[in-house]
Amino acid sequence: MSNVSKSWWISFLILAAVCLGYYINTLYKTDFHYTYFIDDAYIHLAIAKNFALHQVWGVTSHQFSSSSSAPFYTFLLSIFISLFGNNDQLPLYVNLFFGIGVIYFLNKYYSAFFKDAKSVICAVLFTVFFAVLHLQLLSGMEHLLHILLIVMNIFCLNKLNQNKKYAVGFYITIVLMGLVRFESMFYFAALAFCLILMRKWKVAAIVILTGFIPIAVFCYFNYQQDGYLFPNSVVIKGAKLSFDSHFFARLKTIVFDNFLFNISFYKVGFFPILMCAVFLFRDFKKQSFDIVVKRNFLLTVFSLLMIGHSLFADLKGGFRYEAYILTGFSMALIPKTTLFFQDFKAYIKKERLISFLILINFSLMIYKLIISHMVLNDGGKNIHEQQVQSAKFLHQNYNQSKVVANDIGAITYYTDIHLFDIAGLASKEMIPFNENKAVFDDRFEIFLTEFSTKNQYDLAVVYEVWFGGRVPKSWKKVATLKIKNKITVAQDEVAIYCINIENLNVLKKNIQDFKWNKNVKVDIVE
């Protein structure tokens, strides 16, 4: 067996063993049916199901809703549902395939810098666990596909001048990347900017065109449907800077809250950027500007990308949105520190500063592994006991009813309800009340009271605290569903409200008669 094959097999088997362990652990806590640890995975499944079976791009089969911020991934799932049937385990199988691809290309990439299999394995595994790849795989979300595309893109970029097939691979991954995660726009911009610094005008122009044209086409069709360029989640969560009376307040939020005072930035991006800065500074003392940019191209790209992502995108402690950046940082920095993997003791003596920064990044990797363990250990259990139980209750008693909710994945995938989403991901009417981190006020309460009455909604399954005391007074609270050990759900308690008061007693009886999971504490409000 060659060193390349040996390193691939060992790396893959280690990742597979970790994932299998968490998979089996989750089965024992979710009635032996794997449940994703995040409700968003079921949003993709709901849209994919409705698009495949009803030709409706939405979380319900009744209307369009731009609820997926990863349209290409959702579209892929819809193809598989069309081919193999509606199966909630499909994202797991798809992500396993993507995980194999990530290991394959990382192995090929690092084999160009290391001759021995041991060093390649160490480099691959550091990258895998620095980006918490097992978490991405088991999430059922699009982030693993995003990582695969960034890995393939860097692999092809590294061989761009060797063969035309690598140029094709480089541009195809850029075309797809923006439709998998819209944050990829920051990568395109950083990549083009650094190419311009190297006076590669043509390549920079092609990167911008291939990256932004598919996004522009999607935005055009999305705008035709609901009046917004981007999916609802991007509109609500993304930083919006407009030149109006709120300009300075929003600028403060972007620069200070999202970036400088955001603890997640220091957990995720600060120390990789600091390492890049050290390498850049050293080269600037010895080399010309052109040579410095060329020698540190990827370091510069991913430093700019991390800053752009922090300023304008979502950077939290969940380790999902930034995973592609951390993968890129690893692929940029590890070739600069090959001796660290080959002769650890010699490198520490020679490079104390860089060794110290590597140690900090390694410590942050351990921290992320601990947090991801908590998520993987009980996250699926949380979703199974809260969102999936709510979905089963609705499916049994209110499968085609009109429901108000705020966590919309499982309850739309497992049912055929008519939904109104107060979080705004599936209901564009709610975007003005949610964007720019707005707080619900009297306008919201009046609107929701009138809207739910006029459109004859039946019940609400919601996090009561999300309303901030603005629950419509015409609604009647019927029951609360409480779980223990909250890890991945927003709140440990869900409230069920009756909106159509004529059906109050029926709703109460349905809740009492339903066979809830033994870990769900059901309190009926008298």
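Everything in this summary refers to the structure shown in the same document. (Residues numbered from 1 in each chain as written. Predicted model: local features only at pLDDT ≥ 70, side-chain atom pairs only at ≥ 80, totals over all residues. Heavy atoms only, no water.)

1. Things to note about the overall build of the chain
A tally of regular secondary structure across the chain gives 24 helices and 6 strands. Relative to its length of 526 residues, the chain is compact, with a C-alpha radius of gyration of 24 Å against a globular reference of 24 Å. C-alpha atoms of the chain, sized along the principal axes, occupy 80 × 55 × 40 Å. Burial status across the chain gives 55% buried among its 526 residues. For the chain, contacts bridging at least 24 residues in sequence account for 69% of all contacts bridging at least 6. Counting 50 positive and 35 negative side-chain charges, the chain places the centres of these two groups 13 Å from one another. (Helix = DSSP H or I, 4+ residues; strand = E, 2+ residues; numbered from the N terminus. Rg over C-alpha atoms; globule rule 2.2 N^0.38 Å. Buried < 20%, exposed > 50% of the residue type's maximum accessible area, 1.4 Å probe, protein only. Contact = heavy atoms within 4.5 Å. Lys, Arg positive; Asp, Glu negative; His and termini not counted. Charge placed at Lys NZ, Arg CZ, Asp CG, Glu CD.)

2. Overview of unusual backbone geometry
Positive phi, close to 55°, is recorded for D31, a residue that is not glycine. Looking at the element boundaries, D31 is found in the loop between helix 1 (3-29) and helix 2 (40-54). The backbone phi angle of F32 is positive, close to 60°, even though this residue is not glycine. Position of F32 among the secondary structure elements: in the loop between helix 1 and helix 2.

3. Regarding helix 24 (residues 504-513)
Of the residues making up helix 24, those classed as buried are L504, L507, K508, N510 and I511. Projection of helix 24 onto a plane perpendicular to its axis shows the buried side chains occupying an angular sector of 160°, all on one side. Opposite the buried face of helix 24, at more than 90 degrees from it, the exposed residues are N505 and D513. As for helix 24, its buried residues are in contact with helix 20 (352-397), strand 3 (459-462), strand 4 (476-482), strand 5 (493-498) and strand 6 (521-524). (Arc of directions from axis to C-beta.)

4. Some words on the nonpolar core
Judged by nonpolar contacts, the single largest core of 156 residues is most densely connected at Y110, Y187, L191, F302 and F393. Apart from residues lying up to four places away in sequence, F302 is in contact with I150, I154, Y187, Y324, I325, G328 and F329. If you look at the next biggest cluster of nonpolar residues, it comprises 18 residues, including I422, Y457, A460 and I499. (Core = buried A, V, L, I, M, F, W, Y, C linked by side-chain atoms within 4.5 Å.)

5. Observations concerning the packing of helix 14 (residues 270-286) against helix 16 (residues 297-312)
Helix-helix packing is characterised by the crossing angle of the two axes and by the distance between the axes. One can describe the packing of helix 14 onto helix 16 by two numbers: an axis separation of 10 Å at closest approach and a directional angle of 145°. Where helix 14 crosses over helix 16, the two elements pack in a sense that is left-handed. Of the residues in helix 16, those in contact with I273, C276, F279 and L280 of helix 14 are L299, T300, S303, M306 and I307. Taken together, the residues of the contact of helix 14 with helix 16 sort by class into 7 nonpolar, 2 polar and no charged. (Axes fitted to C-alpha atoms, helices over the stretch in contact; angles between N-to-C directions. Left-handed = near helix turned anticlockwise from the far one by under 90°. Nonpolar A, V, L, I, M, F, W, Y, C, P; charged D, E, K, R; others polar.)

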